[in-house]
Amino acid sequence: MDSSKLLLSHKHGIVLACFALVTTLVLATTQCATSNRIQRNEELRIQNTLTEILPPQIYDLPLQQNAVEFLDLTANKNRTCYIATLDGRFSGVVITATAADGYSGDIEMLVGIMADGTVSGVRVTKHSETPGLGDAIELQRSDWIKGFDGKNLTTPVESRWTVKKQQGEFDQFTGATITPRAVVKEVKNTLLFFESVKPQLLNYE
Amino acid sequence: MNETVSSLGNTGSAQANHWKKLLGDGLWHNNPATVQLLGLCPLLAVSNTTINGLSLGIATAFTVLLSNILVSATKRFLVPEIRIPTYVIIISGIVTIVGLLMNAFAHDMYLRLGIFIPLIITNCAILARAEAFASRNPVFESAIDGIATGAGFAAVLIALGAIRELIGHGTLLADAHLLFGTSPLPPLIDLGEHYRGLLIAILPPGAFVLFGLLLVLKNLCTQEKDRQ
């Protein structure tokens, strides 16, 4: 390569670097200006879901402050538990749950459970089920997810913790059985997990 | 030097400097979606409801406007050999900023559009405008061209979104609050609970079929005009 060509390619590099530098500066500024608001948005979203599924009157400390990871031995993965306490005593918990056997991809959920083992609410936080069929698990689309409220491991009995098509307690959707079945199964698993970590939760300070 | 850069999808109409013609080109005669058939991936993926289409339309229009202005304003620093990487830096910078702003000020919408916001970068309609128009025209004209192209792309997104939502969900303009941040509003049209919806319309195959029909309609209109 002769020297004039080398010089030219140096010049190109410098021009490109200048563009990259200016862009980086602008990006960094925007990031700084928006990061607080974005963080607040995300906290607010989690908080809104948490208050929806666990009655706010049963705890006096923000749930996010009491987030603890517990190992689920059956599934061999960690679950986050947002622990609710009232006057220093354990009063309920919101547990993260993931149903892996949905129709397409993981269905991520939050399950609210009262200290006595009763479900206080379930919400799907992320899924990619078929729009118009499987997405009825979203509260925005139907009230189906509210059918878990007040249920526990004995009502209905364990064999009825599935969809009606399999002689269970819970409705399936027209044209979609796999999605609701996966959600029901995972809520049940979460209740079983709750029973297994209950001693630790009761001692939680 | 900029006049000598190789032309990529450059047509006679794109060189026109009259702004009315520019608007007409972007919106109709040289519409990025229905004539140039560019940026179809986000177009087909996100147009399942009117509001989704409108939101991505606004984000894309804003990106192409800014990218045209910036490319045109910096065109005397542009070196032909490295112009494409430079465009990519400019466009990806803008898209990242748009994403951050949406995340901060329209959080629910940001979550719904998901991966398609960063993917605006790969919308070749934007790169094509930078290369074919903004890099060889004054800032003002490039801005007009950016508005026209963006509006043209957004119009197709909204039209397709409206058709798919109406057929698939039986509603029109549902969930407008996700974009405008107001309290939930009822949809403009609601065919009611008894309308089960034609599911295919909101699934990807329906997007292809309905977009094809939209193209047929557009081409019929153009043919009719030519004949007159």
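For every chain, the first residue of its written sequence is number 1, and the numbers climb from 1 along that sequence. For this description, chains carry letters from A and ligands carry numbers from 1, given in the order in which they are written. A pLDDT threshold of at least 70 governs which residues receive local features in this predicted model, and a stricter bar of 80 or more applies before side-chain atom pairs are shown or counted, although totals over entire chains, interfaces and linings include all residues.

Draft legend 1. A look at the overall build of chain B. In terms of regular secondary structure, chain B is built from nine helices and two strands. Only DSSP runs of H or I covering at least 4 residues are called helices, and only runs of E covering at least 2 are called strands; the numbering of each starts at the N terminus. Start at the N end of chain B and walk to the C end: the helices and strands fall as α-α-α-α-α-α-α-β-α-β-α. Along the first, second and third principal axes, the C-alpha atoms of chain B reach 65 × 50 × 30 Å. Burial is judged by counting other C-beta atoms within 10 Å of a residue's own C-beta: 20 or more means buried, 12 or fewer means exposed, and anything between counts as partly exposed, with every C-beta placed from the backbone. Buried positions account for 47% of the 228 residues belonging to chain B.

Draft legend 2. Focus on the confidence of the model for chain B. All names here are of chain B. Note: pLDDT gives the predictor's confidence per residue, expressed from 0 to 100. Overall, the prediction assigns chain B a mean pLDDT of 83, with 90% of residues at 70 or greater. Of all the helices and strands in chain B, helix 8 (residues 177–180) carries the lowest mean pLDDT, 72, while helix 7 (residues 139–168) carries the highest, 93. C-beta atoms are placed from the backbone for every residue, and two residues are taken to be in contact when these atoms lie within 7 Å. Here residues 1–15 scores under 50 on pLDDT; set against residues more than four positions off or in separate chains, the count is 25 contacts. This complex was scored by the predictor with a pTM of 0.75 and an ipTM of 0.72.

Draft legend 3. Just the interface of chain B and chain A, in detail. The partner chain A presents 17 residues to the 21 residues of chain B that form the contact. Following the grouping adopted for this structure description, the nonpolar residues are Ala, Val, Leu, Ile, Met, Phe, Trp, Tyr, Cys and Pro, the charged ones are Asp, Glu, Lys and Arg, and the polar ones are all others, Gly among them. Across the side of chain B that touches chain A, the residue classes tally to 12 nonpolar, eight polar and one charged.

Draft legend 4. Up close: helix 2 (residues 178–202) of chain A. With 25 residues, helix 2 of chain A should reach 36 Å at 1.5 Å per residue; the first-to-last C-alpha distance of 35 Å fits that figure. Considering bend angle alone, the principal kink of helix 2 of chain A is centred on S196 of chain A and spans about 50 degrees; proline P199 of chain A follows within four residues of it. In this analysis, the expected span of each helix is defined as 1.5 Å times one less than the number of residues it contains. Here the bend at each residue means the angle between axes fitted to two seven-residue stretches, the one ending at that residue and the one beginning there.

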